Amino acid sequence: MVALPEEDGRKRVVLLTGIVQQFVSKLFSGMEVLGCYQFRVTRNSDLFVDDEEVDDLRRALEGELAHRRYGAAVRLEVSRDCPPDLDSFLMRQFTLADVDFYEVSGPVNLNRLEAIYDLVQRPDLKYPIFTPGLPRRVAGSSDLLAVIRQKDVLLHHPFHSFGPVLDFLRGAAADPRVLAIKQTLYRTGNESPIVDALVAAAQSGKDVTVIVELRARFDEEANIELSNRLQEAGAHVMYGVVGFKTHCKMSMVVRRESDGLRRYCHLGTGNYHPRTARGYTDYSLFTCDPDIGQDVHELFLQLTSLTQTPRLTKLLQSPFGLHAAIVEKIDREADHARAGRPGRIIGKMNSLVDPQVIEALYHASRAGVQIDLIVRGLCALRPGIPGVSENIRVRSIVGRFLEHSRVFFFGNDSASELYLASADWMERNFFRRVEIAFPVREQTHRERILRDLDSYLADNMQAWSLGRDGRYVRCERNNDPIRDAQAALLARYAAGSAPIVVP
């Protein structure tokens, strides 16, 4: 995007491609230009590395990154006014078939339009700036670990600040009684304060172990660089289990205290990335529960050594049990419904495509279980089909923030269960990644999350409902009061809102 001089007080911008097309004859002096057309090629960005065939995964990925720009073409987009003979010429050059060809009316790369946001200073057209809030217990204390010892701490980003997560690691790095820090990193950014804290901890002599996922798509280069930096500082850097991406989000601090060693854990549904924490909705849980701490310890042992599959008491883990546990809990709701007891499931996730989970949800619906699903992206389930899924409702929330949190609620008669997770209900999350789902124990936290889910289910401003035909229809407000879930959460949790007691 190129900004032009203002005219009559109006900001004007133009695409660089438009300038080229307008003045293309000046680029080819003395020649007759018959036409100028836009085209765009999309290439396969997968990196082909066989984990079992390489001795050094990092070096292998470094070699593959250099070739990413030259991957095989998979799609060709051409402006609609381009002559057919040129279309055919381009398809031959890139070895593409008709199914890979797309005619486009207008610019072939609409991503360029994102630049307009920064070029135009119009506060009346933009969301108002907000300051993330903090739970009263955290905001009123200078000792986060003391707050966690008193009771678990739950944060809901971006409505709550990501600052406590940074403070958790910075404080551990500077605390002489902290012996060890263990951390998983999937996406964290090029200049990460998380990595800064881990480097400081390693340089101060603490035992720092970091599981870096080198194959986080499009973050491979950044993750290679941060792994080099951590190793140079003296941290133990490892790359997880061969054949499985480490996608779980967890951190553990081991501290010597008057009554012995204590484990403090942070578990999240999103990445350790301060920038995305401002634009993605995610939950963070701080706890020093001994059982959860033991489970996290076992998981880190599994990720860093040749150990057997751990037996966990509180956490659910893939690829060794999360899928079976989810299917079992769905089937249990169906059993309750068939026995005349209430059956209830609420699931919030990015994608739902696993066939076995979908089949279990269909069985539960036929048994009478009431199922509400909040799925932002891919959904292979068809709701509302008589005799199959008439008790299932699916909606997607597309608003100011990208909905990223994973929340699973099972009514279980009078003993309800509520889990937060790093995993969607997809085959790759269940079987090809290391993921965790962790329970929310505190009743006040459970009530908060269920209240949040109710806000999403009542949204009539940013919600889209999936029909039995696979099409989404925007939810109509009609004459009902405005219910905007994200705006309500901002008002509820962000700084500057009306006074509210946040447990």
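What counts, and where the lines are drawn
Residues numbered from 1 in each chain as written. Predicted model: local features only at pLDDT ≥ 70, side-chain atom pairs only at ≥ 80, totals over all residues. Heavy atoms only, no water. Helix = DSSP H or I, 4+ residues; strand = E, 2+ residues; numbered from the N terminus. Rg over C-alpha atoms; globule rule 2.2 N^0.38 Å. Contact = heavy atoms within 4.5 Å. Areas by Shrake-Rupley, 256 points an atom, 1.4 Å probe, with all protein chains shown as cover. Lys, Arg positive; Asp, Glu negative; His and termini not counted. Charge placed at Lys NZ, Arg CZ, Asp CG, Glu CD. Buried < 20%, exposed > 50% of the residue type's maximum accessible area, 1.4 Å probe, protein only. Pairing = 2+ DSSP bridges. Right-handed = clockwise from strand over helix to strand, strands pointing away. Polar contact = N/O pair within 3.5 Å; in protein donor to acceptor, adjacent residues only side chain to side chain. Axes fitted to C-alpha atoms, helices over the stretch in contact; angles between N-to-C directions. Salt bridge = Lys/Arg side-chain N within 4 Å of Asp/Glu carboxyl O. pLDDT = per-residue confidence, 0-100. Disulfide = S-S within 2.5 Å. Parallel < 35°, antiparallel > 145°, perpendicular 65-115°, else oblique. Nonpolar A, V, L, I, M, F, W, Y, C, P; charged D, E, K, R; others polar.

Engineer: Run through the overall build of the protein, naming residues and quoting values.
Structural biologist: Within the protein, the regular secondary structure consists of 16 helices and 23 strands. In summary, the protein has a C-alpha radius of gyration of 26 Å against a globular reference of 23 Å for 503 residues, a match within 12%. Here the contacts in the protein between residues at least 6 apart in sequence split such that 68% fall between residues at least 24 apart. As presented, the protein carries roughly 25,000 Å² of accessible surface, and 51% of it is formed by carbon and sulfur atoms. Charged side chains of the protein number 64 positive and 66 negative; the gap between the two group centres comes to 4 Å.

Engineer: Can you tell me about the pairing of strand β15 (residues 344-349), naming the residues and giving the values?
Structural biologist: With five of six residues buried, β15 is to be regarded as a mostly interior element. Bridge analysis of β15 against strand β16 (residues 370-375) gives six bridges, and the strand direction is parallel. The residue bridging Ile345 from the neighbouring strand is Ile371, located in β16. Regarding topology, helix α13 (residues 355-367) serves as the crossover connection from β15 to the parallel β16, and that connection is right-handed. Strand direction decides the pairing type here: β15 and strand β19 (residues 406-410), joined by four bridges, are antiparallel. The residue of β19 that forms the bridge with Ile346 is Phe409.

Engineer: Lay out the side chain of Asp282 in plain terms, naming residues and giving numbers.
Structural biologist: Note on placement: Asp282 falls in strand β13 (residues 280-287). One polar contact links Asp282 to His404, side chain to side chain, over a distance of 2.9 Å. Excluding anything up to four places from it in sequence, Asp282 contacts Leu155, His156, His157, Thr269, Gly270, His404 and Ser405.

Engineer: Account for the sheet that holds strand β4 (residues 73-79), with residues named and values stated.
Structural biologist: Overall, mixed pairing links the three strands, which are arranged β3-β4-β5 in an open sheet. Here the strands that pair on one side only, and so sit at the sheet edges, are β3 (39-43) and β5 (101-104). Shown here is a sheet whose adjacent strand axes are inclined to one another by a mean of 20°, direction ignored. Of the pairings in the sheet, the one linking β4 to β5 comprises four bridges and is parallel in character. Its bridge partner lying in β5, Ser79 is registered against Val104. The strands touched by helix α4 (residues 84-93) are β3, β4 and β5; relative to β4, the strand with the most contacts, the crossing angle is about 165°.

Engineer: Kindly report on the pattern of salt bridges, identifying the contributing residues and their values.
Structural biologist: Going through the model one piece at a time under the given rule, you end up with 25 salt bridges. Across the salt bridge formed by Arg40 and Glu77, the nearest N and O atoms sit 3.4 Å from each other. With Arg40 in strand β3 and Glu77 in strand β4, the pair connects residues that are 37 residues apart, well separated along the chain. Note on Arg40: relative accessible area 25%, which makes it partly exposed.

Engineer: How would you explain the confidence of the model for the protein if you had to name every residue and give the values?
Structural biologist: The pLDDT averaged across the protein works out to 89; a share of 91% of its residues lies at or above 70. Here residues 496-503 is modelled with pLDDT under 50, and outside its nearest four sequence neighbours on either side it reaches 17 contacts, counting other chains as well.

Engineer: Go over the state of the cysteines with me, naming the residues and quoting the values.
Structural biologist: Taken as a whole, this structure holds zero disulfides when the rule is applied. Free cysteine Cys82: the closest other cysteine sulfur is in Cys36, separated by 9.9 Å. Here Cys82 falls in the buried class, since its relative accessible area comes to 7%. For the unlinked cysteine Cys379, the closest cysteine sulfur is that of Cys475, found at 14 Å.

Engineer: Kindly report on helix α9 (residues 193-203), identifying the contributing residues and their values.
Structural biologist: The element α9 is extensively covered by neighbouring structure, given that eight of its 11 residues are classed as buried. Along α9, the residues that are buried comprise Pro193, Ile194, Val195, Ala197, Leu198, Val199, Ala201 and Ala202. Between the side-chain oxygen of the N-cap and the backbone nitrogen of Ile194 there are 3.1 Å, and the N-cap of α9 in question is Ser192. Looking at the residues trailing α9, positive phi occurs at Gly205, about 95°.

Engineer: Go over the side chain of Ser192 with me, naming the residues and quoting the values.
Structural biologist: Secondary-structure assignment places Ser192 in the loop between β7 (178-185) and α9. At 3.1 Å, the side chain of Ser192 forms a polar contact with the backbone nitrogen of Ile194.

Engineer: Outline the packing of helix α12 (residues 322-338) against α13, supporting the account with residue identities and numerical values.
Structural biologist: To characterise two packed helices, one gives the angle between the axes of the helices and the distance between these axes. Orientation of α12 relative to α13, taken along the N-to-C sense of each, is 10°, at an axis distance of 8 Å. Between α12 and α13, the interaxial angle falls into the category roughly parallel. Where α12 approaches α13, its residues His323, Ile326, Val327, Ile330, Asp331, Ala334, Ala337 and Arg338 are matched on the opposing element by Gln356, Val357, Ala360, Leu361, Ala364 and Ala367. Residue classes in the contact of α12 with α13 are distributed as 10 nonpolar, two polar and two charged.

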